Amino acid sequence: MGRGFLFTFEGIDGCGKSTQINLLSQALTDDGISISVFREPGGTRIAEAIRQVLLNPRNMDMSYESEALLMAASRAQLLRETVIPNLESGKVVLCDRYVDSSLAYQGSGRGLPLEWLRAINRLAFESAVPDITFLLDIAVESAMNRLGTGLRDRMESSGTDFLERVRNGFSALAEENPDRYIVLNGEMAQELLVEKILSHVRKLIL
Ligand code: TYD
């Protein structure tokens, strides 16, 4: 494991991760800390190409197994190309989604076996375990309201029952990994939320 720090952000679609990551990045940069920010699926040229295939609403006939393997492929590329080298050089890495999203979405959401998902994502479990995973928990109804009525990508079209299972999956992961997870109410005011996240991050890295 590298000398840097890996912070990951998880939660159902519309939970507010991206806003929090932006606010946190700004605050850490103001502190003079050099950070790298990535999103999954994606984050490198090849991984972004995989993301296009995954999220394209024309690909509604994609099998759940293909979906899981493409998520893992995107992650393997991101890890080898950027996350692992960054951690080895002592950097602070922020990731908008990581392997827990595969366990929650493809495992709890789609019903694929967790042990198979762990196996195809072994690189992540062996080479880059997050120092802290922030779970922004929000009710499915609020998430749906935030997503609005606009065009949805392939994953966002999976429906409310699916998102309920994903939300429960994340909660179960948080319970199983209390040393790594910090669960926060995603419906809290954004400025309050980022202060809480910042205090956990600063405690670890400063
Ligand atoms: P994105 O538009 O980035 O959603 P968000 O802003 O909510 O993160 O799309 C990523 C979608 O892919 C999102 O619906 C979650 C899903 N996903 C998985 O199903 N498995 C995974 O392993 C990852 C990383 C994402």
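A brief report on the enclosed structure follows.

1. Some words on the overall build of the protein
Across its full length, the protein holds nine helices and five strands. Starting at the N terminus and walking to the C terminus, you meet the elements of the protein as β-α-β-α-α-β-α-α-α-β-α-α-β-α. For 206 residues, the compact-globule estimate of 2.2 N^0.38 gives 17 Å, and the protein sits close to it at 16 Å. Taken across its 206 residues, the protein has 50% of its residues classed as buried. Put simply, the protein shows about 9800 Å² of open surface, and 50% of that area lies on carbon and sulfur atoms. Taken together, the 22 basic and 28 acidic charged side chains of the protein have centroids lying 3 Å from each other.

2. Some thoughts on the pattern of salt bridges
One pass over the structure, following the stated rule, counts nine salt bridges. The shortest N-O distance in the salt bridge between Arg 110 and Glu 67 comes to 2.9 Å. One end of the pair, Arg 110, is in the loop between helix H4 (99-109) and helix H5 (114-120); the other, Glu 67, is in helix H3 (residues 64-88), and 43 residues separate them in sequence. Judged on exposure class, the residue Arg 110 and its partner Glu 67 are both buried. Taking the shortest distance from any N to any O, the salt bridge between Arg 180 and Asp 100 comes out at 3.0 Å. Taken as a pair, Arg 180 in the loop between helix H8 (160-176) and strand E5 (181-185) and Asp 100 in helix H4 lie far apart in primary sequence, 80 residues in all. Of the two residues examined, Arg 180 and Asp 100, each falls in the buried class. Salt bridges sharing common partners tie together Glu 67, Arg 110 and Arg 154.

3. Some remarks on the site of the ligand
The ligand sits among 15 residues. The nearest are Asp 13, Lys 17, Arg 97, Ser 102 and Gln 106. With respect to the ligand, the side chain of Lys 17 contributes an N or O atom lying 2.8 Å from an oxygen atom. Measuring from an oxygen atom of the ligand, one finds a side-chain N or O atom of Ser 102 at 2.6 Å. Isolated, the ligand exposes 540 Å² of accessible area, and the fraction of that covered by the protein chains is 90%. Assessed atom by atom at 2 Å from the grid points, the ligand resides in the largest pocket. Those elements giving two or more residues to the shell around the ligand turn out to be helix H2 (45-55), H3 and H4. Each residue belonging to the shell around the ligand can be placed in one class, and the counts come to five nonpolar, three polar and seven charged.

Reading the values: the criteria
Residues numbered from 1 in each chain as written. Predicted model: local features only at pLDDT ≥ 70, side-chain atom pairs only at ≥ 80, totals over all residues. Heavy atoms only, no water. Helix = DSSP H or I, 4+ residues; strand = E, 2+ residues; numbered from the N terminus. Rg over C-alpha atoms; globule rule 2.2 N^0.38 Å. Buried < 20%, exposed > 50% of the residue type's maximum accessible area, 1.4 Å probe, protein only. Areas by Shrake-Rupley, 256 points an atom, 1.4 Å probe, with all protein chains shown as cover. Lys, Arg positive; Asp, Glu negative; His and termini not counted. Charge placed at Lys NZ, Arg CZ, Asp CG, Glu CD. Salt bridge = Lys/Arg side-chain N within 4 Å of Asp/Glu carboxyl O. Near = heavy atom within 4 Å. Polar contact = N/O pair within 3.5 Å; in protein donor to acceptor, adjacent residues only side chain to side chain. 1 Å grid on protein atoms, 1.4 Å probe; cavity = no way out; pocket = protein on both sides within 12 Å on 5 of 7 lines; lining within 4 Å. Sits in = over half its atoms within 2 Å of the grid points. Nonpolar A, V, L, I, M, F, W, Y, C, P; charged D, E, K, R; others polar.

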